[in-house]
Amino acid sequence: MMRLVPLGPTDQQVPNVVAGMMRIEEMTDEAIRDLYEGCRAAGVDFFDHADLYGSSRHGCERRFSEALRLSSAERDEITLQTKTGIVADDWHFDHSYEHIVTSAEESLRALGTDRLDVLLLHRPDALVEPDEVARAFDHLESSGKVRAFGVSNHTPRQIDLLKTAVRQPIVANQVQLSITHSTIVAQGLAANMAGEDDSITRDGGGLVDYSRINRITLQAWSPFQKNFFDGVIFGAPEYPELNELLDRLAAKYDVTPTAIATAWITRHPAHMQVVLGTTNPQRVADAAAGSDIPLTRAEWYGLISAAGHKVP
């Protein structure tokens, strides 16, 4: 069963599994429709985009719209989220007023919709001016073009900086998280353990706790990656103990290891969302089966320990 979680401090309830659309550009219309219908059948009605996704700006957003041709009624049944702030040409980051507003309006046209449910700033911009972000958010909100705002890969202090000017709540922060790439969780466990890498406080630390305190929904991207785009955890020879435990728990709960890896994230009381990158409807269903698995504390800690993190 798909479990719903609050979207930040809002009253909106959203599924804790999200369909990421970054790889759909080269798919046929039929394949995109099959993926979409598979997502909906699994209870996943939250779709994540970015202006960056595709061989050209807004490429995947356009393909989504072209392939599905959603009616206004069906559009109302789903949540559309997109991101802006990364510029592929002469790779740089841009959170200026002009870029945020222009890109959001281009996303609206590409997606064939009159509003974005959520707009995220895609990675931090070291040259950000919070007043410009605030002006962009105010314009997009007051014109009805964007309903909610968030960030991606931001630290607590970077969010605090934005909040010096931005008046809308930051509803989400999309960050990399998997059982093996779990420093943001492991830091809290290894605090004050001299000599342990996880004990090092990075970027102010406490990202998960900060998000819970401020009611920011964490969205976990690359939920099955070993580290940074270097392959998935399933069957990885460097993680024999982890895979043995994934298999054992999968058998216990009558699901796949993919569901257990999903459940490790959704079991956390921060009410996180898991952002999938697959274009395979069956894998969406496999992951969605982990939405509400009640892993015990011993099972949850066993998984992070088997991934190589020190659990004192």
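Whatever comes next refers back to the structure up there.
In this report, the structure presented in the accompanying data block is examined. (Residues numbered from 1 in each chain as written. Predicted model: local features only at pLDDT ≥ 70, side-chain atom pairs only at ≥ 80, totals over all residues. Heavy atoms only, no water.)

### So, the sheet that holds strand β10 (residues 170-176)
What the eight strands build is a closed barrel, ordered β3-β4-β5-β8-β9-β10-β11-β12; its pairing is parallel. Adjacent strand axes in the sheet meet at a mean angle of 25 degrees when their direction is disregarded. The pairing of strand β3 (residues 17-20) with strand β4 (residues 46-48) spans two bridges and is parallel. Bridge pairing links Ala19 to Phe47 in β4. (Pairing = 2+ DSSP bridges. Helix = DSSP H or I, 4+ residues; strand = E, 2+ residues; numbered from the N terminus. Axes fitted to C-alpha atoms, helices over the stretch in contact; angles between N-to-C directions.)

### Observations regarding the nonpolar core
Ranked by size, the top nonpolar core spans 83 residues in total, and within it Phe47, Phe64, Ile179, Leu242, Trp264 and Leu303 carry the most contacts. If near-sequence neighbours (up to four positions away) are discounted, Leu242 is found in contact with Ile179, Thr180, Ile233, Leu303, Ala306 and Ala307. Within the second largest apolar cluster, eleven residues are counted, among which are Val5, Val18, Phe46 and Val275. (Core = buried A, V, L, I, M, F, W, Y, C linked by side-chain atoms within 4.5 Å. Buried < 20%, exposed > 50% of the residue type's maximum accessible area, 1.4 Å probe, protein only. Contact = heavy atoms within 4.5 Å.)

### A short note on helix α9 (residues 240-253)
Helix length check: α9 (14 residues) gives 20 Å between terminal C-alpha atoms against 20 Å at 1.5 Å per residue, within 8%. Regarding α9, the residues found buried are Leu242, Asn243, Leu245, Leu246, Leu249 and Ala250. Taken down its axis, α9 places every buried residue within 160 degrees of arc, on the same side. Opposite the packed face of α9, turned more than 90 degrees from it, sit the exposed residues Pro240, Glu241, Glu244, Ala251 and Lys252. Buried residues in α9 make contact with α10 (257-266) and α12 (297-306). Remark: Asp254 follows α9 within two positions and exhibits a positive phi of approximately 60 degrees. (Expected span 1.5 Å × (residues − 1). Arc of directions from axis to C-beta.)

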